[in-house]
Amino acid sequence: MSYDFDAVVDRRHSDSVKWDRYKGRDVIPMWVADMDFRCAPEILAALHRVVDHGVFGYAHAPDGLTACLLGRLRERYGWTVEAEHLVWLPDLGAGLHLACRAAGDEGDQVLVMPPIYPPFLAAPKRSGRQRLDVPLSLRNGRWAMDLDAVARAITPRTRAVLLCNPHNPVGRLYTAEELRGLMDLCRRHDLVVCSDEVHAELTLDADLRHVPTAMLSADAAARTITLLSASKTFNVPGLRCAVAVIADEGLRRRFRGAFAGLVSGGNPFGYAASLAAWRDAEPWRLALVDYLRGNRDLVERAIADTPPLAMTHVEATYLAWIDARALCADNPAALFEEAGVGLMDGKEFGAPGYVRLNFGCPRSLLREALDRIGRAVGGATIGHDAAIAGRQRPGRLPGSL
Ligand SMILES: Cc1ncc(COP(=O)(O)O)c(C=O)c1O
């Protein structure tokens, strides 16, 4: 079966958070992380079945969904998870907050590695914890966890690490070796790890394999809360369904205890869509990853040809993290918005001067956005050093790709 990811779906009248931000304006929205593709036919059919039933009472996760997820984790990663280790959630954001509350006490520290998806920055404080920032490092054109800095930063009050793998926004898929380094520190300092792996099935480089943090060792399994969802990969984030995998009984009890009337379970649409996604929509996912890989290559070439903008290679996710610091703009996101492209401001991720571009959209839209970015940079004031560097690299306009 072939899927038409080039089809442009008009989302302007669908109460879309992404599109309505720029209602009535000629701005291509490439900010919040949902994609502009219709989802897999198998998911649509499953949702129709729920609608046709016509009764929408409270729902629990279907047995078939649990069995399907456990089978998928075993097949993809060789990861054996027991049904009782699963805690279903309405979304991953709730999972991040619950993880902070499940680790330590009020005033304890939760370590995060910016630049990072904004709720990672908000969750510790909202959960009565202190946030301990240890920025990623950029070495040889590759973002990485700075494990030496992590080791130095940990104090007796540090209780947890919020890990994002693949990492939103920098698009890194951490290697087993990098993860082992982190987990070794967590073992030595007895830290809980919340490993958000929602983008794992959006690994774009064919030679890379996602390694679930909890699989690294028995110790890692016992201290890890893994957050998963079909939402990003299968483009159903609005249906609100996620799951935490927590092998350790005590940690699971503390996590559930933190619900405290604030978090409810899932809903029939989210469960049905997740089951159809994981059980039936693998051909769609493979075609999607192929298409996103093409979009990723287009973005990387366009940005390389638009100095002084720069970006690193995106190994996974549909997000490009673009360094716009050499533009003399207080707020590069505003500059691009003015030029008709809605990006996320790096400030929200803890890194002013950067912008995040969501390339989960039909290629025609992406080309138009890259054209506009090229024109915006052409008209912007560029820092002196960057201008010299730019002159040394004769650039093609993104539109010529
Ligand atoms: C790493 C990561 N975690 C969590 C989320 C949010 O998921 P949810 O809408 O289920 O809270 C996102 C959304 O972009 C994300 O990229």
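As a reminder, the structure under discussion sits directly above these lines.
These figures come from a predicted structure and were not determined experimentally.

### A look at the pairing of strand β7 (residues 158-164)
- In terms of residue burial, β7 counts as a mostly covered element, since seven of its seven residues are buried.
- Where strand β3 (residues 109-112) meets β7, four bridges bridge the pair, whose relative direction is parallel. Opposite V112, over in β7, you have L162 as the bridge partner.
- In this structure, β7 lies alongside strand β8 (residues 192-196), joined through five bridges in parallel fashion. Following the sheet pairing, L162 is matched in β8 by C194.
- At this point the chain moves from β7, through helix α7 (residues 176-188), to the parallel β8, and the crossover so formed is right-handed.

### What to know about the sheet that holds β3
- What the seven strands build is an open sheet, ordered β2-β10-β9-β8-β7-β3-β4; its pairing is mixed. Both edges of this open sheet fall to β2 (86-89) and β4 (130-133), since each of them pairs with a single strand only. Sheet twist, expressed as the average angle between the axes of neighbouring strands with direction ignored, equals 20°.
- Against the sheet, helix α5 (residues 118-126) engages β3, β4 and β7, with an angle of about 145° to β4.

### With respect to the pairing of strand β12 (residues 319-323)
- Counting buried positions along β12 yields four of five residues, so the element is predominantly enclosed.
- The pairing of strand β11 (residues 310-311) with β12 spans two bridges and is classified as antiparallel. Bridge pairing in β12 places A310 opposite D323.
- When β12 meets strand β15 (residues 354-358), the two strands line up antiparallel, connected through five bridges. Paired with D323 across the bridge in β15 is Y354.

Definitions and limits used
Residues numbered from 1 in each chain as written. Predicted model: local features only at pLDDT ≥ 70, side-chain atom pairs only at ≥ 80, totals over all residues. Buried ≥ 20, exposed ≤ 12 C-beta atoms within 10 Å, placed from the backbone. Helix = DSSP H or I, 4+ residues; strand = E, 2+ residues; numbered from the N terminus. Pairing = 2+ DSSP bridges. Right-handed = clockwise from strand over helix to strand, strands pointing away. Axes fitted to C-alpha atoms, helices over the stretch in contact; angles between N-to-C directions. Contact = placed C-beta atoms within 7 Å.

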